[in-house]
Amino acid sequence: MSMAQASIAAPRKSKGWLKTDRLLAFVLIAPSVIAIAVFVYGFIGFTTFASFTKWDALLPDFSLVGWRNYEKLFDTTRFQIDLGNTVVFTILFLIACLMLGFMLAVLLDQRIRFEGLFRSVFLFPLAISYIVTGVVWRWLLNPGSVQLGSTGVNLLFEKVGLDFLKNGWYTDPNIGIKAVVIAATWQMSGYVMAMYLAGMRGISEDLREAARVDGATEVQVYRHIILPLLQPITLGAVIILGHMSLKIFDLVVSMTGPGPGFSSDVPAFFMWDTTFRGNNFAQGAGIATILLISVAVLIVPYLIYSTHTEAEV
Amino acid sequence: MPKPAGGGKLEMFSWWTAGGEADGLNGMFAAYKKQYPSVEIVNATVAGGAGTNAKAVMTTRLFGGDPPDSFQVHAGLEVATYTPDKYLQPLDDIFASEGWDKVFPKDLLTLLKYQDHYWSVPVNIHRANVMWYSKKVFTDNKLEAPKTFDDFFKVADALKAKGIVPFVMGDKEGWESGHVFETVLIGTLGADGYRGLWTGKTAWTDPKVTEALNNYKKMLSYTNTDHAALTWDGAGEYLLNGKGGMQIMGDWQDGWFTSKKFTDYGWAPAPGNSGIFDALSDSFAMPKGVKNTDNAKNWIKVAGSKAGQEAFNPKKGSICARTDCDQSLFNAYLQSAGKDWQSNALVPSVVHGAAAFEKWATAYKDTMALFVTSGDVAKTQAALAQNCKDAGVCK
């Protein structure tokens, strides 16, 4: 406290003072720097190292085998399916969330009554963990059973006479991962809505008025004025949703498991299975490393871009 | 009379935390207490299905030099996971002094030996290759339990014509398909041929394996369409309400039927499996450097003893690994399994940890889970052969 006040009051001239200030800052930051160095970067390094070893049983074996684990991994049918699933999931999840989120934001932007209530309702799913979302949607998209007949969404379709829409959802190998997209979208689109809505509120009313005076329709205002101005928000949403979809795990575990023929399997689940059920630690470390790289490919350019623009401001 | 132990503790590590498993374990603790009343038993269980969590904790403790006095491990190649020559004590002396080489079946003893030593003592046996069927459905349609694959397909056709699901399956968790296929492999290759698959004597490229895959593919064409959504017990509901005919599962299904108060079921070996017993077994091992050596040795002796196994198995719903248990303690199904146990050829289950070490067993399970949807015989056989190569068993 007194130190903080002193630092505001005292002009930064005395060399001795500067020294203690720096020292204090260093002491305060050091624990977290050390913890992060060991528990984040140290373990990343260890995992990467493990992926080049022969450690394929419970007890470690650190003899190096070069790229063999990676070669084997890309040869494995399950991993190939997983990579395909990740691509499908990421694309569908991004498109669905962005479109739905934007639409909801536009609707709420119309200065409707009870806006606060609606905002909370749409944002609430975010407060729930993926595990809970997964359990709920597992019930909703349950194809039904011999004993109970149709359940969940299928029962709804049956009741309203839309029988042709009934299907096996995540138990159908052709749908698989797409059923997971539905649940993930339900959870995250409210968040995208909140981001867009905040962005829209930041755009001055004068701009819209000017456009309207020039004869633009309301659709044209959103299409040509607001959407372009919201580009940074779209980029932010893509980054956040994108890295979430690459490492999605809990939702898949609680909702579908690997699914028939691994149709809803994802790399993170395969990593867990390989490492902790199959005790093939080297291979598991390989999958983890690939996951890290794929997330880094998405995140790092954004980090560089954002620090760059911040420095300019 | 056994010599009284000098008190102290016995720390026993397992993943039996609930239901019949915990009851069985407590039964065995009681049998131990009777002989060694002054020893305090520390029950160090770690919860979690199939021991996933327990195994991880166990490794840390072994590795960190703080092992429990005895721990649970699936009998068979699972001990290989723990690098036995480095971390476990061979139990050859106890096997000899207790005369266990006479009371355990010979095939089981072969299965237990790894690097020429016994590392663990089996307490129970489960059978994996049982075909369960609905008695009502079979008598209504004047059918008999099929013995061969040809019989099976005939019965299946007859049931299909009646609108009954002939072959019920629930493969939601991913291991069930591998489980059924191992019984098909046994049924097609016979006991020796099947055992050879896991030791490198039988080639995975053998035409017999192709035949097994084709048999399995044909069987899959008779399953319920919602199999991917069901667990094995969920699929069992088909038998309960007479909508399904047959299901291949281990003998834990007997316990499940009992818990559902369902009695109208029959059982037979899976097609082609007559005279062969596909076994999995829980056993106890003793790590090197345990704190209470005498107590641990006595525990191993109790686990292998008649009294210990009779206290454990009726509660857990499995049969004794010994051949001299009192059969009247068990229900009708377990009695028939006990009889087969004494006379049949024994083969190890791969899905349940006896035939191959875990890395290989996992790869096998994945390959078969994929086969259910792909039905690609050639590609699956190539993958199975590759799994064997990756495991270092096949060249």
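Preceding block: the structure.
Note that the structure is a prediction, hence the values are computed from the model and not measured.

Q: How should the overall build of chain A be read in this particular structure?
A: For chain A, the count of helices and strands is 14 helices and zero strands. Secondary structure of chain A in N-to-C order comes out as α-α-α-α-α-α-α-α-α-α-α-α-α-α. Against the compact-globule benchmark of 20 Å for 313 residues, chain A has a radius of gyration of 25 Å, which places it well outside the compact range. With respect to the three principal axes, the spread of C-alpha positions in chain A is 80 × 75 × 35 Å.

Q: I'm lost on the side chain of B:Ser318 in this one. Help?
A: Residue and element names in this part refer to chain B. Within the fold, Ser318 resides in the loop between helix H14 (306–316) and strand S14 (319–320). What makes Ser318 buried here is its relative accessible area of 0%. Within the structure, the side chain of Ser318 is placed 2.7 Å from the side chain of Asn313, a separation counted as a polar contact.

Q: Help me understand the interface of chain A and chain B in this model?
A: A common way to express how large an interface is: the accessible area buried when the components associate. On the chain B side, the residues contacting the 26 residues of chain A number 25 residues. Run the count over chain A and chain B and you get two salt bridges. Here B:Asp366 makes a salt bridge to A:Arg78, at a shortest N to O gap of 2.9 Å. Our count for the chain A to chain B interface comes out at four residue pairs in polar contact (both at pLDDT 80 or more). Put simply, the parts of the chain that give the side of chain A that touches chain B at least two residues each are helix H4 (77–108) and helix H13 (267–277) of chain A. In terms of residue class, the side of chain A that touches chain B is built from 12 nonpolar, nine polar and five charged.

Q: Got a minute to help me understand the pattern of salt bridges in this structure?
A: All names here are of chain B. For the structure on display, the rule yields 28 salt bridges over all chains. Arg127 is the partner of Asp340 in a salt bridge, and the nearest nitrogen-oxygen pair spans 2.8 Å. Of this pair, Asp340 sits in helix H15 (residues 332–343) while Arg127 is found in strand S7 (residues 124–127), placing the two residues 213 residues apart along the sequence. Accessibility expressed as a relative area gives 24% for Asp340, which makes it partly exposed. As a salt-bridge pair, Glu310 and Lys306 come within 3.3 Å of each other at their nearest N and O atoms.

Q: Honestly, the layout of surface pockets in this entry has me stumped. Any pointers?
A: Empty space among the atoms becomes apparent when a probe as large as a water molecule is rolled across them. Quantified by volume, the second largest pocket comes out at close to 780 Å³. Together, 38 residues line the second largest pocket, and A:Thr76, B:Ala363, B:Thr367, B:Asn387 and B:Asp390 are the ones closest to its centre. Looking at the lining of the second largest pocket, the elements that each hand over two or more residues are helix H3 (68–75), H4, H13 and helix H14 (281–312) of chain A together with helix H16 (358–374) and helix H17 (377–390) of chain B. Examining the composition of the lining of the second largest pocket, we find that nine residues originate from one element, H16(B), more than from any other. Residues of the lining of the second largest pocket, tallied by class, amount to 11 nonpolar, 14 polar and 13 charged.

Q: How should I be thinking about the sheet that holds strand S9 (residues 165–168) of chain B in this particular structure?
A: The strands making up a sheet associate through hydrogen bonds between their backbones, and the pairing can be parallel or antiparallel. Residue and element names in this part refer to chain B. Taking strand neighbours across the sheet as the criterion, the four strands line up as S9-S10-S8-S11 in an open arrangement whose pairing is mixed. Only two strands of the sheet have a single partner each, and these edge strands are S9 and strand S11 (265–269). Taking the axes of each pair of neighbouring strands and ignoring which way they run, one obtains an average angle of 20° across the sheet. As defined by bridge partners, strand S8 (residues 130–134) adjoins strand S10 (residues 244–249) across four bridges and the pair is classed as antiparallel.

Q: What's the story with the pairing of strand S1 (residues 9–14) of chain B in this structure? I'm lost.
A: Here is the key point about a regular strand: its side chains alternate between the two faces of the sheet. Residue and element names in this part refer to chain B. Taking burial as the measure, the six residues of S1 include five buried ones, the bulk of the element. Direction of pairing for S1 relative to strand S2 (residues 40–45): parallel, over a ladder of six bridges. For Met12, the partnering residue across the bridge sits in S2 and is Asn43. Regarding topology, helix H1 (residues 19–35) serves as the crossover connection from S1 to the parallel S2, and that connection is right-handed.

Q: I keep staring at the pairing of strand S12 (residues 276–280) of chain B and nothing clicks. Help me out?
A: Residue and element names in this part refer to chain B. Among the five residues in S12, five count as buried, and that is most of the element. Burial along S12 is two-sided: the residues Ile276, Asp278 and Leu280 and Phe277 and Ala279 are all buried. Two strands pair when backbone bridges link them, and S7 and S12 are joined in this way by two bridges, in the antiparallel orientation. Bridged to His126 within S12 is Leu280. Inspection of the sheet shows S12 paired to strand S15 (residues 345–348) by four bridges, in the parallel sense. Along S15, the bridge assignment pairs Ile276 with Ala345.

Q: Explain the packing of aromatic side chains to me, please; I cannot follow it from the model alone.
A: Here the distance between the centres and the angle between the planes together describe a pair of aromatic rings. Residue and element names in this part refer to chain B. Taken as a whole and assessed by the stated rule, the structure comprises 53 aromatic pairs over all chains. Seen in terms of ring centroids, Trp256 and Phe257 are 5.7 Å apart; in terms of plane orientation they differ by 50°. Their pairing is tilted. Of the two residues, Trp256 and Phe257, both sit in the buried class. Each residue in the set Trp132, Trp232, Trp256, Phe257, Phe262, Tyr265, Trp267 and Tyr333 is aromatic and connected to the rest through ring pairs, giving one cluster.

So, how was this worked out
Residues numbered from 1 in each chain as written. Chains lettered and ligands numbered in written order. Predicted model: local features only at pLDDT ≥ 70, side-chain atom pairs only at ≥ 80, totals over all residues. Heavy atoms only, no water. Helix = DSSP H or I, 4+ residues; strand = E, 2+ residues; numbered from the N terminus. Rg over C-alpha atoms; globule rule 2.2 N^0.38 Å. Buried < 20%, exposed > 50% of the residue type's maximum accessible area, 1.4 Å probe, protein only. Polar contact = N/O pair within 3.5 Å; in protein donor to acceptor, adjacent residues only side chain to side chain. Contact = heavy atoms within 4.5 Å. Salt bridge = Lys/Arg side-chain N within 4 Å of Asp/Glu carboxyl O. Nonpolar A, V, L, I, M, F, W, Y, C, P; charged D, E, K, R; others polar. 1 Å grid on protein atoms, 1.4 Å probe; cavity = no way out; pocket = protein on both sides within 12 Å on 5 of 7 lines; lining within 4 Å. Points joined across faces, edges and corners; volume = space filled by probe spheres on them. Pairing = 2+ DSSP bridges. Axes fitted to C-alpha atoms, helices over the stretch in contact; angles between N-to-C directions. Right-handed = clockwise from strand over helix to strand, strands pointing away. Phe/Tyr/Trp six-rings, centres within 6.5 Å; stacked < 30°, edge-to-face > 60°.

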